[in-house]
Amino acid sequence: MTTSPAPVPALREQMNIVIVGHVDHGKSTLVGRLLADTGSIDPARIEKVRRICERQGKHFEYSFLLDALEAEQEQGITIDAARCFFRSPQRDYLIIDAPGHIEFLKNMVTGAARAEAALLLIDAAEGVRENSRRHGYVLGMLGIKQVAVVVNKMDRVGYDQAVYDAIVSEYTAFLAQIGLKPARFIPVSALQGDQIVDRNATMPWYGGPTVLESIDAFAKAPPAEDQPLRMPVQDVYRFNRFGDVRRIIAGRVASGRFAVGDEVVFLPSGKRTRIASVEGFSMRETPAGAVAGQCTGVTMTEQVFVNRGDLMCRPGEQPRVSDRIRVNVFWLGREPLRRGRTYKLKLTTYSGLCEVEKVEEVLDASALTSPGARDRVERHEVARVILRLRRPLACDLSDELEETSRLVLVDGYDVAGGGIVREVLEAGAEDAALRWTTEVGAINRPLRETKQGHRAFLLALHDDLDQNGVALAQALEESLWSSSHNVFRLQLQADDLVKAGTDELHLGPSTYPLVAALLNAGQIVIATLPWNETWARTVALRLPGLDVVPCFQVRFHAGADGGDDGEADWTLDPAREPRALHDDVKHRLKTLLRS
Amino acid sequence: MDQLDRLEAQSVYILREAYKSFKNLCMLWSIGKDSTVMLWLARKAFFGHVPFPLVHIDTSYKIPSMIAYRDRIAREWNLTMIVGQNEEALAGGMNHTRGRLVCCTALKTQALKQTLDGTGPRYRLTADGYVPDSNREPYTGVIVGARGDEEGSRSKERYFSPRGVDNNWDLDDQPPELWNQFKTDFAPGTHIRIHPLLDWTEINIWEYVERENIPMIDLYYDHGQGRRYRSIGCAPCTGMVTSTCRTPAEIIAELRTTNVSERSGRAQDQADPHAMEKLRRDGYM
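Since we're looking at a predicted model, the values are computed, not measured.

(A) Region of the structure containing the overall build of chain B. Within chain B, the regular secondary structure consists of eight helices and ten strands. Burial statistics for chain B: of 285 residues in total, 53% are counted as buried. Residue pairs at least 24 apart in sequence account for 73% of intrachain contacts in chain B once pairs closer than 6 positions are excluded.

Rendered as structure tokens:
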């Protein structure tokens, strides 16, 4: 008879919980208490902390069980989110202790983004503070819906129920404003160990659960398997050099499920095919499909060209596709988020450049009042912005699906902000125009320019009250035409133009594609802008997305000397002879014209 | 999906992101249980293949069976196996009696730095044994099997963690990391450490070894002496623990009832309460 091997112990459920709140409200102490009182911590580690505290001449600091970094222990604050594990009889926990100091908001966000539920701490003696509110707001944006509010340091207020009740009513009202409903409030003293794991007799007026009981009562989120199918393409593998001929589309299923044989569509391209197989390595059985949360790989019945960032979906359950989105962001960057600037946007596996078209509203996180529209979003602020993408994005809205509506913005080398897609807007006309010319192999602008012997460019003439602009435009059009140039003249109206930033004019949505098409067809476009005193002095017409095409400004101002030849912005004296003005401009453009 | 499925999926996702993001990518393989599980996860992620080199830093003081196991697995699994060593320090007679931190710094931290940036020797396993590797390009993405529950400073790590020009870890100013969007953009001369096992605990590792039937080096099991290694490294500085566990299942059962730290057998940790933080700031794994 052989002896049977030891039975494999059953797997236990795990939940990730983040502890947030204002600095010094006692987060690390609470976690240290939880660890110590549930017997989850190595006695040697407690001993190590005891030694450190003795050396620093302090009482035993529960927070040192977590604040492991030397600087943290010296300064007595949490700098980075720490993780630690503890077990209750019910399940295992990963506790993420997030820093409460404003300077470390990015670390708080990093910690909280991994959590399924949160404990939000408020110091009973200090009451609701700036970061109590800011953290509450960020939790909401991060999509954490299960929150218990812990009113700590009740020992410092003599376990007074009136103090507790006042905080409960103030904070409940605030959370309601941002759409968050806490599961419960719990009065505790982490230092004394009241209501953490043990139910001490210090607050007989409180009949509710302890902190440990409250987190045991948090529910695991229902699986996203029953939602619409979304699998962002992460990569396409063909390991030829290992003798493997499979072409595997790899990705993690963000939501929904699929099975072999299902018809799928890839967006934004709209290509359709069927799933031929689900691939794996050392699987217990050949997979017949995959569900939300799994990393998988599929082969297709017909080979379709797909890109990283495309969404594999089911026909009829398709996501939004757009190149203009309205987004709620929180900003963590060293430099402010600026209107008109370009950032890299990442949403699941999509990555592409975007421009901040508009900062619609900035929330002051400390008070959550709205100072209204601005040009930029400062570090640690929350705002609503419109982003314009260089290529279309397939995504969902934040109130529809979570994973495919969450994005980050990268500034330089760093992730500088996070956001959620609130709305998709009509496709930006500028990007639509760009797409007409970027096809590989097309007879494109440079090819046309070579054949016709002159460049395509835009000459913007700011008209004055005497209509010198229109007159000069006409003269230039005629002379260029007669010397075999392809030229087209446009007289723009005020409603063809959109003000962008403090010193730029862009073309409106219906005019931009027209001008872009003319330029891409090789035309010299001479556009007159209607008289406007401010525009004529300071504002320049720009063509975002068509930076490769030269763009010149001509203005009229009495006594002006024209400006340097190398510049793209000239101010001319309207008192000069029309013929002289014409020759001056043509001379400045000569390198772009037929010789 | 159970807890192991979730951990596996997250690690596979991270490995695939790393493979997509870095042209010069490698994985550090210490031969220990964590990085061996990580290697197995790479085979899962890439459908049986490991499309980047494995790098082992050989201090020359490793328990001898580790080297035999390394080369056997490397051949069986068709791995690109790279070995680096601080030959200069060894020629100068470096060993642990000169001070544990001194020795670790020279034979691990320094050796690692030189091997990663290509200034030190790199040997590649071929059919004829180890030969100097022609690729001396710096590795810009380095996959490391650190777990968050191992010791304090590791619990503060990111999945994708930047290292400076001097290989140093600026843990006072780490990048934000959320929604599985990782730091894959970095300045020239710096590199990124990638940590696919950050969320795993020691028990999870053994649960996964058991479930996947991963061939682990047998130093982790008792062979009748009532002792085994819980953590493996250099022979002079790694002690055994009293335990009769012969299988992953028995180890899981044992771990469920202990709260003694995993690294209690590792001498270098005892030198200073912040020893690991200091080592890791300078580039230690």
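Let us keep going from here.
(B) View of the domain arrangement of chain A. The assigned domain composition of chain A is domain 1 (14–216), domain 2 (225–313), domain 3 (323–427) and domain 4 (445–592). Distance between the C-alpha centres of domain 1 of chain A and domain 2 of chain A: 41 Å.

(C) Examining the domain arrangement of chain B more closely. Residues and elements named next belong to chain B. We note that the domain assignment places domain 1 (3–200 + 273–281) and domain 2 (202–270) within chain B. In this assembly, 26 residues from domain 1 lie in contact with 24 residues from domain 2. Within the residue set of the side of domain 1 that touches domain 2, elements represented by two or more residues are α1 (3–21), α2 (33–45), α3 (64–76), α5 (100–117) and α8 (275–281). Sorting elements by how many residues they give to the side of domain 1 that touches domain 2 places α2 first, with five residues. Considering only residue class, the side of domain 1 that touches domain 2 consists of 14 nonpolar, five polar and seven charged.

(D) Summary view of the packing of helix α10 (residues 468–482) of chain A against helix α13 (residues 578–588) of chain A. Residue and element names in this part refer to chain A. At their nearest, the axes of α10 and α13 sit 10 Å apart, and the two run at 60° to each other. With respect to their mutual orientation, α10 and α13 come out oblique. The interaxial crossing formed by α10 with α13 has right-handed handedness. In this structure, α10 uses Ala-471, Leu-472, Ala-475, Leu-476 and Ser-479 to contact α13, whose residues at the interface are Pro-578, Leu-581, His-582 and Val-585.

(E) Looking closely at the nonpolar core. In this structure, A:Ile17, A:Ala112, A:Ala118, A:Val150, A:Val151 and B:Met27 are the most contacted members of the largest nonpolar core, which totals 191 residues. Residue contributions to this core peak at eight residues, all from strand β21 (residues 382–395) of chain A. If near-sequence neighbours (up to four positions away) are discounted, A:Val150 is found in contact with A:Leu30, A:Leu119, A:Leu120, A:Leu121, A:Ile186, A:Val188 and A:Val211.

(F) Here's a closer look at the sheet that holds strand β7 (residues 160–163) of chain B. All names here are of chain B. The eight strands are arranged β5-β4-β3-β2-β1-β6-β8-β7 in an open sheet whose pairing can be described as mixed. Since the sheet does not close on itself, it has two edges, and those belong to β5 (129–132) and β7, each with one partner. Geometrically, the sheet is characterised by an average inter-axis angle of 30° between neighbouring strands, direction not taken into account. Note: strand β1 (residues 25–28) against strand β6 (residues 141–143), three bridges, orientation parallel.

(G) Local environment of the confidence of the model for chain A. On average, residues of chain A carry a pLDDT of 84, and 89% of them reach 70 or more. Below pLDDT 50 for its whole length, residues 1–6 of chain A participates in six contacts with residues either more than four positions away or in separate chains.

(H) Seen up close, the pairing of strand β27 (residues 504–507) of chain A. Residues and elements named next belong to chain A. Sheet topology note: the strand β26 (residues 497–500)/β27 ladder contains four bridges and is antiparallel. Residue Val-498 lies in a different strand from β27, and its bridge partner there is His-506. With two bridges joining them, β27 and strand β29 (residues 540–541) adopt parallel strand pairing. By the bridge assignment, Glu-504 is partnered in β29 with Ala-540.

(I) Structural detail: the packing of α1(B) against α2(B). Residue and element names in this part refer to chain B. As a packed pair, α1 and α2 sit with axes 9 Å apart at the nearest point and diverge in direction by 75°. Relative to α2, the element α1 is oriented roughly perpendicular. The residues of α2 that touch α1, namely those facing Glu-8, Ser-11, Val-12, Leu-15 and Arg-16, are Leu-41, Ala-42, Lys-44 and Ala-45. For the contact of α1 with α2, the residue count by class is five nonpolar, one polar and three charged.

(J) Highlighting the sheet that holds strand β10 (residues 263–267) of chain A. Spatially, β7-β8-β13-β11-β10-β14 (chain A) is the arrangement adopted by the six strands of the closed barrel, whose pairing is antiparallel. When strand polarity is set aside, the average angle formed by the axes of neighbouring strands in this sheet is 50°. In this sheet, strand β8 (residues 248–252) of chain A lies alongside strand β7 (residues 231–237) of chain A in antiparallel orientation, the contact comprising four bridges. Paired with A:Tyr237 across the strands is A:Ile248, a residue of β8(A). Along the sheet, α1(B) makes contact with β7, β8 and β13 (295–300) of chain A, crossing β7(A) at roughly 55°.

(K) Structural view of α2(B). All names here are of chain B. Helix length check: α2, at 13 residues, gives a terminal C-alpha distance of 18 Å against a target of 18 Å (1.5 Å per residue), a fit within 8%. Taken across its 13 residues, α2 has eleven buried, putting it largely inside the fold. If you check which residues of α2 are buried, you get Lys-33, Ser-35, Thr-36, Val-37, Met-38, Leu-39, Trp-40, Leu-41, Ala-42, Lys-44 and Ala-45. Looking at the buried residues of α2, the elements they touch are α1, β1, β2 (54–57) and α6 (202–212). The first or second residue beyond α2 is Phe-47, which carries a positive phi of 55°.

(L) Structural detail: the pairing of β1(B). Residues and elements named next belong to chain B. With burial as the criterion, each face of β1 is covered, one bearing Leu-25 and Met-27 and the other bearing Cys-26 and Leu-28. As judged from the two bridges shared by β1 and β2, these two strands associate in the parallel manner. Paired with Leu-28 across the strands is Val-55, a residue of β2. Tracing the backbone out of β1, into α2 and back to the parallel element β2 gives a crossover that is right-handed.

What counts and what doesn't
- Residues numbered from 1 in each chain as written.
- Chains lettered and ligands numbered in written order.
- Predicted model: local features only at pLDDT ≥ 70, side-chain atom pairs only at ≥ 80, totals over all residues.
- Helix = DSSP H or I, 4+ residues; strand = E, 2+ residues; numbered from the N terminus.
- Buried ≥ 20, exposed ≤ 12 C-beta atoms within 10 Å, placed from the backbone.
- Contact = placed C-beta atoms within 7 Å.
- Domains from an automatic or database assignment.
- Nonpolar A, V, L, I, M, F, W, Y, C, P; charged D, E, K, R; others polar.
- Axes fitted to C-alpha atoms, helices over the stretch in contact; angles between N-to-C directions.
- Parallel < 35°, antiparallel > 145°, perpendicular 65-115°, else oblique.
- Left-handed = near helix turned anticlockwise from the far one by under 90°.
- Core = buried A, V, L, I, M, F, W, Y, C linked by C-beta atoms within 7 Å.
- Pairing = 2+ DSSP bridges.
- pLDDT = per-residue confidence, 0-100.
- Expected span 1.5 Å × (residues − 1).
- Right-handed = clockwise from strand over helix to strand, strands pointing away.

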